[in-house]
Amino acid sequence: MFGRVALDTYIDLRDVRVSGYVSTGLIALVAAESVWGTVNDWQGGSPSWSFLAIVLVLPAAVAFVVWLRNATHNAEAIALHGVRMVSQVWKASDPDQREVPFAERVASPLIKPWQYAFLAMVLCDVLESLLLDTRAYVVFSTLSTLCALGAAGLACFVVLRISAMQQRFAVPIRQRP
């Protein structure tokens, strides 16, 4: 009655592709704006570009939270195990680790660097805003942009990879006659 679930078994999951694409697109837009703003800062332009980045971060964050909520729901359905963090969502969603006990599964080694890059970006943004009228402003603007590019690239990879792994569980595999 409670046998193993084969990888070709259909699981009714939420589609995370659209929210994943929207999330990664907005994250990339925030990173691009950060580059544009830093170039503007180095040319002596107005620091108002930082305000635009803040305005763009909000929809990116909302899209990411929507994606993460749906991906977490899917991960719990796939693994039959409670998950709360991105690393746990990865572990639950990885079809290559399906036969490994959940506690022994391995998450992507890129998740922690992504989180650290994001935190470093936020710290640089705070320092940048505190040093707005000094020469150090441009230095922290540049550091923030470098962290934003790293965090954005890693975030997009993680979102797209988890979405693709979960899609393997959501689509029934056609049997050849």
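Heads up: the structure comes first, above all this text.
First, a word on scope: everything that follows refers to the structure included in this document. (Residues numbered from 1 in each chain as written. Predicted model: local features only at pLDDT ≥ 70, side-chain atom pairs only at ≥ 80, totals over all residues. Heavy atoms only, no water.)

**Quick look at the pattern of salt bridges**
Counted under the stated rule, the structure contains two salt bridges. Between D15 and R17 there is a salt bridge, with its nearest N and O atoms 2.8 Å apart. For D15, a relative accessible area of 39% puts it in the partly exposed group. Residue classification places R17 among the partly exposed positions, given a relative accessible area of 36%. Residues R84 and E76 are paired through a salt bridge, measuring 2.6 Å at the closest nitrogen-oxygen approach. (Salt bridge = Lys/Arg side-chain N within 4 Å of Asp/Glu carboxyl O. Buried < 20%, exposed > 50% of the residue type's maximum accessible area, 1.4 Å probe, protein only.)

**Re unusual backbone geometry**
Even without being glycine, L80 reaches a positive phi, approximately 55 degrees. Along the chain, the position of L80 falls in the loop between helix 2 (49-79) and helix 3 (86-93). (Helix = DSSP H or I, 4+ residues; strand = E, 2+ residues; numbered from the N terminus.)

**Observations concerning the packing of helix 3 against helix 5 (residues 136-170)**
Orientation of helix 3 relative to helix 5, taken along the N-to-C sense of each, is 35 degrees, at an axis distance of 9 Å. Crossing of helix 3 over helix 5 shows left-handed handedness. Residues V86, V89, W90 and S93 of helix 3 touch helix 5, and the partners they reach there are F157, V158, R161, I162, M165, Q166 and F169. The residue makeup of the contact of helix 3 with helix 5, split by class, is eight nonpolar, two polar and one charged. (Axes fitted to C-alpha atoms, helices over the stretch in contact; angles between N-to-C directions. Left-handed = near helix turned anticlockwise from the far one by under 90°. Contact = heavy atoms within 4.5 Å. Nonpolar A, V, L, I, M, F, W, Y, C, P; charged D, E, K, R; others polar.)

**A closer look at helix 3**
What sets the pattern is the α-helix's 3.6 residues per turn: residues three or four places apart point alike. Burial within helix 3 is extensive, with seven of its eight residues counted as buried. Along helix 3, the residues that are buried comprise V86, Q88, V89, W90, K91, A92 and S93.

**Looking at the packing of helix 4 (residues 111-130) against helix 5**
One way to put it is that helix 4 packs onto helix 5 with a least axis distance of 8 Å and a crossing angle of 155 degrees. Judged by the angle between their axes, helix 4 and helix 5 are roughly antiparallel. Where helix 4 crosses over helix 5, the handedness of that crossing is left-handed. For the pair formed by helix 4 and helix 5, the contact residues are I111, P113, W114, A117, F118, A120, M121, C124, D125, L127 and E128 on the first element and Y137, F140, S141, L143, S144, C147, A148, G150, A151, L154, A155 and V158 on the second. Here the contact of helix 4 with helix 5 is composed, by residue class, of 18 nonpolar, three polar and two charged. (Parallel < 35°, antiparallel > 145°, perpendicular 65-115°, else oblique.)

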